Structures are given as C-alpha cells and as structure tokens.
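As a plain string of letters, each chain reads:
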Amino acid sequence: MIKKIQFVEPDILGFEVDGRVSEAAFINMMQELIPKMESPGNIKLYVEIPRYEGTDWEVVWHSLKFAIGKLKTYFNKVDKIALVTDKGWLRFLATAEYKLIPAIDEKSFEFSEKEEALEWIRK
C-alpha cells in the first residue's frame with residue numbers, strides 16, 4: 001500500500017509505503033507525482049517505509065517505462081529526497097542510489113530521526 005502524506009508546503013510530496021507495493025498503488029502514486037513534475041518549480045520527495053513486503057512485477061515494468069520516459073525530467077525537477085525507514089537494507093540501497101544521482105540531495109533517516117527528516121526536507 002502507498003498512502004499520500006499531506007504537507008502544507010506545496011513543493012513537498014510525501015508518501016508512506018506500508019506492506020506490499022501493488023500495481024494499483026504505484027499507479028495512484030504516479031498520478032500524484034507526474035503532475036507535480038510537469039508543473040512549474042521543483043519538488044521535494046518525502047518517503048516513509050515502516051514495513052516493506054515486496055513489489056508486484058507490474059510495478060517493475062511501470063517503473064522502467066517511467067525511468068525511460070521521464071528520467072531527465074525527474075533529475076531536473078526533484079531537489080531533495082528524504083527516506084525514513086528502520087530497514088537497514090533499504091537505507092543501504094538508497095545510499096548507493098544517492099551516489100549514482102549526485103544532482104539530487106538525498107538523505108536517509110531512521111524512524112527515531114523522523115522529526116529531523118521533516119526539518120531537513122522543509123529547508
């Protein structure tokens with residue numbers, strides 16, 4: 001399941017990933033993300049992952065199509081990404097991604113650091 005997290009700031013888009021990521025959940029998330037990417041101004045992404053139970057294969061396909069078609073836009077529109085999770089392996093993968101995409105300011109936090117993550121994404 002992917003649930004939108006509401007922020008007062010119009011440039012921050014937040015999501016909570018809890019459990020398995022289905023095709024329908026991914027499509028709903030993209031329906032929130034794509035208009036933000038196509039609107040004026042840059043955005044910041046805030047993601048919380050309290051529990052992760054895998055991803056449906058259809059999501060992988062949709063992700064690849066998105067990456068091929070919108071990756072340049074993504075790099076140019078996203079200023080920051082904050083990931084909040086207690087899953088060490090997800091933070092490790094995120095750190096590897098951060099090194100591959102130096103144009104985006106990305107940082108991972110544990111849930112005990114959630115307030116710090118919120119403060120960081122709002123700066």
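Residues numbered from 1 in each chain as written. Predicted model: local features only at pLDDT ≥ 70, side-chain atom pairs only at ≥ 80, totals over all residues. Heavy atoms only, no water.

Peer 1: Outline the pattern of salt bridges, listing residues and values.
Peer 2: Counted by the stated rule, this structure contains 11 salt bridges. Here E9 makes a salt bridge to R122, at a shortest N to O gap of 2.8 Å. Of this pair, E9 sits in the loop between β1 (2-5) and β2 (12-21) while R122 sits in helix α4 (residues 114-122), and the two are 113 residues apart along the sequence. Judged by relative accessible area, which is 24%, E9 ranks as partly exposed. Taking the shortest distance from any N to any O, the salt bridge between R20 and D56 comes out at 2.7 Å. Of the two residues, R20 sits in strand β2 while D56 sits in the loop between β3 (43-55) and α2 (57-77), which places them 36 residues apart along the sequence. (Salt bridge = Lys/Arg side-chain N within 4 Å of Asp/Glu carboxyl O. Helix = DSSP H or I, 4+ residues; strand = E, 2+ residues; numbered from the N terminus. Buried < 20%, exposed > 50% of the residue type's maximum accessible area, 1.4 Å probe, protein only.)

Peer 1: Provide a residue-level description of the sheet that holds β3, including the pertinent values.
Peer 2: Read from one edge to the other, the open sheet built from five strands follows the order β1-β2-β3-β4-β5, with strand pairing classed as mixed. Two strands lie at the open edges of the sheet, namely β1 and β5 (105-109), each paired on one side alone. Looking at each pair of strands side by side, their axes are set apart by 20° on average, direction ignored. The pairing of β3 with strand β4 (residues 78-85) spans seven bridges and is classified as parallel. In the sheet register, E48 faces β4, and the bridge partner there is V84. The strands that helix α3 (residues 88-100) touches are β3, β4 and β5; relative to β5, the one it contacts most, it runs at about 165°. (Pairing = 2+ DSSP bridges. Axes fitted to C-alpha atoms, helices over the stretch in contact; angles between N-to-C directions. Contact = heavy atoms within 4.5 Å.)

Peer 1: Let's hear about the nonpolar core: which residues, and what values?
Peer 2: Residues I2, L33 and L45 are the most contacted members of the largest nonpolar core, which totals 25 residues. Those elements that place two or more of their residues in this core are β2, α1 (23-38), β3, α2, β4 and α3. It is α1 that contributes the most residues to this core, six residues altogether. In contact with L33, not counting residues within four places along its chain, are L13, I43, L45 and F66. Core analysis: the next-biggest nonpolar cluster, separate from the first, contains 11 residues, I5, F7, Y46 and I121 among them. (Core = buried A, V, L, I, M, F, W, Y, C linked by side-chain atoms within 4.5 Å.)

Peer 1: I'd like a rundown of the environment of K44, residues and numbers included.
Peer 2: Position of K44 relative to the elements: it lies in strand β3. Sequence separation between K44 and F92 is 48 residues, and the spatial gap between their C-alpha atoms is 21 Å. Ignoring anything within four residues of it in the chain, the contact list for K44 reads D11, I12, L13, K80, I121, R122 and K123. Among the polar contacts made by the side chain of K44, one reaches the main-chain carbonyl oxygen of I121 at a distance of 3.2 Å. (Polar contact = N/O pair within 3.5 Å; in protein donor to acceptor, adjacent residues only side chain to side chain.)

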